[in-house]
Amino acid sequence: MESNTQNTPLSKQLFGEDFIWGVSTAAVQIEGAFDVDGKGESIWDVFATKKGKILHGHHHYTATDFYNRYQTDIDLIKQLNIPNFRFSIAWSRILPDGTGKVNQAGINYYRKVIQYCLDNGIEPWITLYHWDIPHVLEAKGGWTNRDVVDWFSEYVAVCADAFGDLVKHWMVMNEPAVFTGAGYFLGIHAPGRKGIRNFLPAIHHAVLCMAEGGRILRKMLPKVEIGTTFSCSYVEPYSNKPKDVAAALRVDTLLNRMYIEPILGLGYPADDLPVLKGMEKHILPGDMEKVKFDFDFIGIQNYTREIVKHSFFTPYIHASLVKAERRNVPITAMKWEVYPESIYHILKKYDQYPQIKKIYLTESGAAFKDEVVENRVNDPKRTEYLQQFLQQVLKAKNEGSKVNGYFIWTLTDNFEWAEGYNPRFGIIYVNFETQERIVKASGLWYANLLR
Ligand code: GCO
């Protein structure tokens, strides 16, 4: 039965006492300080030096200077009444050479951040891998080299040991579909590799690492809550023509099923996405057992929906996305369709997997052009998007969804990967010249909701 929550004003009580409210960030996008205190090079540090890879020649070398300003930003989180803060650890701060020598300064830094959260009554949520493998490991093949399972396992164990006394919520990985797809197939994100030859092994190794990372955390920290996060988009066919419907199924499999199903013990969905059959040569005996892990929660991240049609000329997938701009629908600064209903459908889909115990929405947000007027930023489109999105979450929750948490992407405007600094996703505005922060109207709205 569909419940009608569309017209109920939002309040946090409607989501229940134990619903988790938070905000999300990622190391590369905010920290800056890319070469200080013993940090090694990450793939993004190298990618940013390559001409034409990042729009306007932007780079993340300073970003929002969170490395030095973490206290200011955590103070702001507190001011906005946000009880949970999700951030990632930069592998190359902890293990500058990828493996081996541990950089104590890196550990000390994150312990200070974590302790400052705790001192302010904010619960830290750690993501172990948000797309920044050390460059030395990429030089040995990175995610395409099966040794990454050993490298990653070592890194996870070092972090569990370093932060396990303080941190109760862990996410092994952020959006494997994006870092393998954009980084190892399309070449538009670091490390900039292309082709199916790189993509297929990267997928399998990322899935192995997610499960292995989960096992290491559970063994070393039996009491903490362990999850991992996936990017999801609601996929619909452009028309009812069988070819478009079949194309939509392939894209849905690629975007929404390929990484989670092996983890849940269902194997790779190669029947619905035949190109995955090419992965067989990377799967060793026993691997399909190793890719399973019983996560305490699954993190879901959703920004939009995709409309798909058959495309004879697109290799492997024979499908293409019908761009939102061409569909005459409202779009964000990323040119993504504004479609908050997407999350309702996504939740319905993931609720159907009995293996999933709990879902947190670990990212959701929207980039719009912001303007500072008299030291204020009025961003009604963002607030409206976030409200409508939450209405859809509530609707699903009232219908029995396993969703029990929501983290806004993101705290401050930041480095949006290959798009540089132009798309602003923050609920806090950043002047990148002066590093001044201004809480946007959307930030005040969130603070009010969480009061
Ligand atoms: C993600 C990305 C974020 C992006 C956001 C907007 O996890 O999806 O990690 O880093 O900034 O998705 O594109």
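Scroll up for the structure.
Predicted, not measured: the structure shown is a model, and the values here were computed from it.

Enquirer: Just checking my understanding: could you explain unusual backbone geometry for this structure?
Expert: With the exception of glycine, most residues fall at negative phi, and the peptide bonds are largely trans. Here the amide bond leading from A190 into P191 is cis, since omega sits at 5 degrees, within 30 degrees of zero. Omega for the bond connecting W409 with T410 falls within 30 degrees of zero, at 15 degrees, which places this linkage in the cis form. Mapped onto the secondary structure, T410 falls in the loop between β11 (403–409) and β12 (428–431). With a phi angle near 60 degrees, H56 is a residue other than glycine that sits in the positive phi range. Structurally, the position occupied by H56 is in the loop between α2 (43–47) and α3 (66–79). Positive phi outside glycine occurs at N375, with the angle close to 65 degrees. Locating N375 in the fold gives a position in the loop between β9 (372–373) and β10 (376–377).

Enquirer: Looking at this structure, I do not really get the environment of D271. What am I missing?
Expert: Its place among the elements puts D271 in the loop between α11 (260–263) and α12 (287–290). Residue classification places D271 among the exposed positions, given a relative accessible area of 69%. For the pair D271 and Y385, spaced 114 residues apart in the sequence, the C-alpha separation amounts to 36 Å.

Enquirer: Would you mind showing me how to read helix α5 (residues 104–119) here?
Expert: Count 3.6 residues to each turn of an α-helix, and residues three or four apart come out pointing the same way. The end-to-end C-alpha distance of α5, which contains 16 residues, comes to 22 Å, matching closely the 22 Å that a straight helix rising 1.5 Å per residue would cover. Residues of α5 that are buried include every one of G106, I107, Y109, Y110, V113, I114, Y116 and C117, and no others. Packed against the buried residues of α5 are α1 (27–30), α3, β2 (84–88), α4 (91–94), β3 (123–129) and α7 (148–163). Looking one or two places after α5, you find G121, whose phi comes out positive at around 75 degrees.

Enquirer: I'm lost on the nonpolar core in this one. Help?
Expert: Grouped burial of nonpolar side chains is what soluble globular proteins tend to show. Counting 139 residues, the largest nonpolar core has W143 and F163 as its most contacted members. In terms of residue count, helix α9 (residues 196–220) provides more of this core than any other element does, twelve residues in total.

Enquirer: Honestly, the environment of A182 in this entry has me stumped. Any pointers?
Expert: Inspection of the secondary structure puts A182 in helix α8 (residues 176–184). As for A182 and F199, which are separated by 17 residues in sequence, their C-alpha atoms are 9.4 Å apart. Leaving out residues up to four positions away in the same chain, A182 has contacts with A177, G187, I188 and H189.

Enquirer: In this structure, what is going on with empty space enclosed by the protein? I would like to understand it.
Expert: Where empty space is left becomes clear once a probe the size of a water molecule has been rolled over the atoms. Considering all chains together, one arrives at three cavities of 30 Å³ or more under this definition. Estimated volume of the largest cavity: approximately 80 Å³. V28, E31, K39, D45 and H60 are, among the 13 residues lining the largest cavity, the residues nearest its centre. Where the lining of the largest cavity is concerned, the elements lending two or more residues are α1 and α4. Of the residues in the lining of the largest cavity, the class split is four nonpolar, four polar and five charged. The wall of the second largest cavity is formed by P176, A177, F230, S231, L255, N256, R257, M258, Y259, I260 and Y350. Those elements that provide at least two residues to the lining of the second largest cavity are α8, β5 (225–237) and α10 (242–257). Ranked by the residues each element gives to the lining of the second largest cavity, the list is headed by α10, at three residues.

Enquirer: Please explain the pattern of salt bridges as it appears in this structure.
Expert: Side-chain pairs of opposite charge can arise where the charged atoms are in close proximity. Within this structure, the stated rule accounts for 27 salt bridges. E212 is the salt-bridge partner of R215, the closest N and O atoms lying 2.9 Å from each other. Placement of the pair is R215 and E212 together in helix α9, with a separation of three residues, close to one helical turn. Residue R215 is classed as partly exposed on the basis of its relative accessible area, which comes to 27%. Residue classification places E212 among the partly exposed residues on the basis of a relative accessible area of 23%.

Enquirer: For this particular structure, what's the right way to read the packing of α3 against α5?
Expert: When two helices pack together, their arrangement is given by the angle between the helix axes and by the axis-to-axis distance. The N-to-C vectors of α3 and α5 enclose an angle of 5 degrees; their axes lie 10 Å apart at closest approach. Put simply, α3 runs roughly parallel to α5. Between α3 and α5, the residues in contact are F66, Y67, Y70, Q71, I74 and D75 and Y109, K112, V113, Y116 and C117, respectively. Partitioning the contact of α3 with α5 into residue classes produces eight nonpolar, one polar and two charged.

Enquirer: When you look at helix α15 (residues 380–398) in this model, what are you seeing that I'm missing?
Expert: For α15, built from 19 residues, the straight-helix expectation of 27 Å at 1.5 Å per residue is met to within 8% by its first-to-last C-alpha distance of 27 Å. Packing partners of the buried residues in α15 comprise β1 (20–24), β6 (297–310), α14 (342–351), β8 (359–363), β11 and α16 (441–449). Trailing α15 by a residue or two, G400 shows a phi angle of about 100 degrees, which is positive.

Enquirer: What is the right way to look at the packing of aromatic side chains in this model?
Expert: Two numbers describe a pair of aromatic rings. These are the distance of the centres and the angle of the planes. Scanning the entire structure with this criterion turns up 46 aromatic pairs. Centre to centre, the rings of W125 and F407 are 5.1 Å apart; their planes meet at 70 degrees, and the pair counts as edge-to-face. Highlighted residues: W125 in strand β3 and F407 in strand β11, separated in sequence by 282 residues. For W125, a relative accessible area of 0% puts it in the buried group. Among the aromatic residues, those joined into a cluster by ring pairs are F66, Y67, Y70, F85, F87, Y109, Y110, Y116 and F163. Across from the ring centre of Y109, 5.7 Å away, lies the NZ or CZ of R93, which sits over that ring. A cation over an aromatic ring shows up here: K395 above the ring of Y344, its NZ or CZ 4.2 Å from the ring centre.

About the cut-offs
- Residues numbered from 1 in each chain as written.
- Predicted model: local features only at pLDDT ≥ 70, side-chain atom pairs only at ≥ 80, totals over all residues.
- Heavy atoms only, no water.
- Helix = DSSP H or I, 4+ residues; strand = E, 2+ residues; numbered from the N terminus.
- Buried < 20%, exposed > 50% of the residue type's maximum accessible area, 1.4 Å probe, protein only.
- Expected span 1.5 Å × (residues − 1).
- Contact = heavy atoms within 4.5 Å.
- Core = buried A, V, L, I, M, F, W, Y, C linked by side-chain atoms within 4.5 Å.
- 1 Å grid on protein atoms, 1.4 Å probe; cavity = no way out; pocket = protein on both sides within 12 Å on 5 of 7 lines; lining within 4 Å.
- Points joined across faces, edges and corners; volume = space filled by probe spheres on them.
- Nonpolar A, V, L, I, M, F, W, Y, C, P; charged D, E, K, R; others polar.
- Salt bridge = Lys/Arg side-chain N within 4 Å of Asp/Glu carboxyl O.
- Axes fitted to C-alpha atoms, helices over the stretch in contact; angles between N-to-C directions.
- Parallel < 35°, antiparallel > 145°, perpendicular 65-115°, else oblique.
- Phe/Tyr/Trp six-rings, centres within 6.5 Å; stacked < 30°, edge-to-face > 60°.
- Lys NZ or Arg CZ within 6 Å of the ring centre and 35° of its normal.

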